[in-house]
Amino acid sequence: MGPTLNIAALTRRTGVSADTIRKWEQRYGVLSPTRTAGGQRRYTEHDVARVEWLKARLAQGYRIGEAAALLGPGTVAATSPVDLRRELVDAAERSDVRTLSAVVEHALALDTVEAAFTSVLAPALVEIGELWERGDVTVAQEHLASSTVAAALQRLLADARGSVRGVAVAACAPGERHEIGLMMLSVLLRADGWQVAYLGADTPTAQAVALAEKLGAAVLCFSATMPENAAELERELRDVKTSLKIVVGGRGAGGDDAAEAVRALAA
């Protein structure tokens, strides 16, 4: 739809004053209205969606500068998981670094981290992986999308919380290099009140067990996306003598997704 709304109509539609809309335009560049021959602003339905998106973020406690940075310069403010997944996949196909970062932050801002992981980020990465397998995106493009998500997860992991449920140790199985599922689990555990010791990729089994015992961990979580890594982990665990609760997940082990694993541990 073309630019048909004047600023008074935009104010009526969104409940945001004309003065505020002008400030958002001038200071943060979130709207780019066209002008009539007489200099009057004209807005589109996309502008309505962007103003409403900003208004919703302010209601969640964001400052306008933070919300404007999240929104970015795009023409549409995606709000549904389907739209966000589509934007994330499209940005990967275009190698659009800025949009990739913005969409990941949108997903994390719009809902709980569990919903962002299960409805947007994880399925988008699966789709991008399938595109790579078909040759529709390059290895570099797939890595760009994965690293963008991983960077956001690292920031969430750095947000230290008090330990309410106890200590959980999280490690990838020996030989396992894919960390994102384990990182998602660790973020969800931390949000659920666990103190998480994150060990990352390709962790020797005996060393992970020894560290978990030293920390007095309540649970040791292993992730394996590749069946051969899950099989090696199983073999090594047979030789380990420990009273630790050990949870093994990931597609290689036929495990549950991260959100289901957290619910099981919290039970």
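Residues numbered from 1 in each chain as written. Predicted model: local features only at pLDDT ≥ 70, side-chain atom pairs only at ≥ 80, totals over all residues. Heavy atoms only, no water.

1. So, the overall build of the protein
The number of helices and strands found in the protein is twelve helices and six strands. In terms of overall dimensions, the protein has a C-alpha envelope of 80 × 45 × 25 Å along the principal axes. Of all 267 residues assigned to the protein, the portion counted as buried reaches 43%. In the structure as shown, the protein presents an accessible area of about 13500 Å², 51% of it carried by carbon and sulfur atoms. Taken as two groups, the 29 positive and 33 negative side-chain charges of the protein have centres that lie 10 Å from each other. (Helix = DSSP H or I, 4+ residues; strand = E, 2+ residues; numbered from the N terminus. Buried < 20%, exposed > 50% of the residue type's maximum accessible area, 1.4 Å probe, protein only. Areas by Shrake-Rupley, 256 points an atom, 1.4 Å probe, with all protein chains shown as cover. Lys, Arg positive; Asp, Glu negative; His and termini not counted. Charge placed at Lys NZ, Arg CZ, Asp CG, Glu CD.)

2. Structural notes on unusual backbone geometry
Phi angles above zero are rare outside glycine, and Ser95 is one such case at about 55°. Among the structural elements, Ser95 can be located in the loop between helix 5 (81-94) and helix 6 (97-110). A positive phi angle, close to 50°, is found at Asp202, a residue other than glycine. Note on placement: Asp202 falls in the loop between strand 4 (194-200) and helix 10 (205-215).

3. A look at the sheet that holds strand 3 (residues 166-172)
Judged by pairing direction, the sheet is parallel, and its four strands sit side by side in the order 4-3-5-6 without closing on themselves. Looking at the sheet topology across the chains shown, the edges are occupied by strand 4 and strand 6 (245-249). Each strand axis lies, on average, 20° off the axis of its neighbour in the sheet, ignoring direction. Pairing of strand 3 with strand 4, which is carried by six bridges, proceeds in the parallel orientation. (Pairing = 2+ DSSP bridges. Axes fitted to C-alpha atoms, helices over the stretch in contact; angles between N-to-C directions.)

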